[in-house]
Amino acid sequence: MCLFCKIAAGEIPSTKVYEDDQILAFRDIAPMAPTHILVIPKTHIPSVDGITAENSNLVAHIFEMIPKIAAEEGLTGGYRVVSNCGADAGQTVHHLHFHILGGKQLSTEMA
Ligand code: AMP
Ligand code: ZN
């Protein structure tokens, strides 16, 4: 089982901010902004490259919940959503996840 599958299964602890039967949101262990949350599907999808017609409902659900999570976190000034896919993007955990970053003026450099 991969690291985030273990977190989804509760085998590795995390600081949860939202959970339902399909997805989990928890705080990044090494935050890069005052608010840094990861949102994952509970089922294993390796990266954005693994999104298909069969599982994209999970991605839609994640993106429905992101604004609610951001509002709950008080990110009224805005926030950034990022997903690193593959080596050039520096993906380190090979389980699809979306970073929510906010709580400060974020860098204008996207890459
Ligand atoms: P990425 O580099 O896009 O693959 O992002 C992986 C993210 O997972 C990094 O921001 C890490 O800080 C974060 N991370 C790694 N292990 C944990 C963990 N046990 N709990 C929470 N976040 C983690
Ligand atoms: Zn996994």
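Residues numbered from 1 in each chain as written. Chains lettered and ligands numbered in written order. Predicted model: local features only at pLDDT ≥ 70, side-chain atom pairs only at ≥ 80, totals over all residues. Heavy atoms only, no water.

Some details on the overall build of the protein chain
Defined as follows: Helical segments are the DSSP runs of H or I of at least four residues, strand segments are the runs of E of at least two, and each set is numbered from the N terminus. For a compact globule the rule gives 2.2 Å times the number of residues to the power 0.38, and the radius of gyration it is set against comes from C-alpha atoms. Exposed residues in this analysis have more than 50% of their type's maximum accessible area, buried residues have under 20%, and partly exposed residues fall in between, with area computed by a 1.4 Å probe over protein chains only. Two residues qualify as a contact provided that any one of their heavy atoms is within 4.5 Å of a heavy atom in the partner residue.
The helix and strand inventory of the protein chain stands at 2 helices and 5 strands. Going from the N terminus to the C terminus, the protein chain shows its helices and strands as α-β-β-β-α-β-β. A compact globule built from 111 residues would reach a C-alpha radius of gyration of about 13 Å, and the protein chain, at 13 Å, matches this within 12%. If you line up the protein chain on its principal axes, its C-alpha atoms span 35 × 30 × 25 Å. Taking all 111 residues of the protein chain together, 37% fall into the buried category. Contacts in the protein chain between residues at least 24 apart in sequence constitute 55% of all its contacts with a sequence separation of at least 6.

Quick look at the site of ligand 1
Rule in force here: One heavy atom suffices: a residue is near a molecule or strand as soon as one of its heavy atoms comes within 4 Å of it. Any N or O atom pair separated by 3.5 Å or less is treated as a polar contact, with the protein-specific requirement of one donor-capable and one acceptor-capable atom, and with residues adjacent in sequence counted only for side-chain atom pairs. Using a 1.4 Å probe, accessible areas were evaluated by the Shrake-Rupley method; residue-level cover was limited to the displayed protein chains. Each cavity reported here is a set of points on a 1 Å grid over the protein atoms alone in which a 1.4 Å probe fits but cannot get out, each pocket an open set with protein on both sides within 12 Å along at least five of seven lines, and each lining residue one with an atom within 4 Å of a point. By definition, a pocket or cavity contains a molecule when more than half of the molecule's atoms lie within 2 Å of the pocket's grid points.
Lining the immediate environment of ligand 1, one finds 16 residues, of which Asp28, Asn84, Thr92, His97 and His99 sit closest. A distance of 2.8 Å separates an oxygen atom of ligand 1 from a polar side-chain atom of asparagine 84. When ligand 1 is considered free in solution it has 500 Å² of accessible area, and contact with the protein chains removes 84% of it. Taking a 2 Å distance to the grid points as the criterion, the majority of the atoms of ligand 1 fall inside the largest pocket.

Regarding the pattern of salt bridges
Selection rule: Any Lys or Arg side-chain nitrogen located within 4 Å of an Asp or Glu carboxyl oxygen qualifies as a salt bridge.
Inspection of every chain in the model, using the stated rule, returns 3 salt bridges. For the salt bridge of glutamate 73 with arginine 27, the shortest nitrogen-to-oxygen distance reads 3.0 Å. Of the two residues, glutamate 73 sits in the loop between α2 (56–72) and β4 (79–82) while arginine 27 sits in strand β2 (residues 23–27), which places them 46 residues apart along the sequence. Here the salt bridges do not stand alone but share partners, grouping Lys16, Glu19 and Lys42 into one network.

Section: the layout of surface pockets
Applied cut-off: Grid points are joined across faces, edges and corners, and a volume is the space filled by probe spheres set on the points. The nonpolar class holds Ala, Val, Leu, Ile, Met, Phe, Trp, Tyr, Cys and Pro. Asp, Glu, Lys and Arg form the charged class, and all remaining residues, Gly among them, are polar.
Taken as a whole, the largest pocket spans an internal volume of roughly 700 Å³. The set of elements that each furnish at least two residues to the lining of the largest pocket consists of α1 (3–8), β2, β3 (35–41), β4 and β5 (98–102). At 3 residues, α1 tops the list of elements feeding residues into the lining of the largest pocket. A per-class count over the lining of the largest pocket returns 16 nonpolar, 10 polar and 5 charged.

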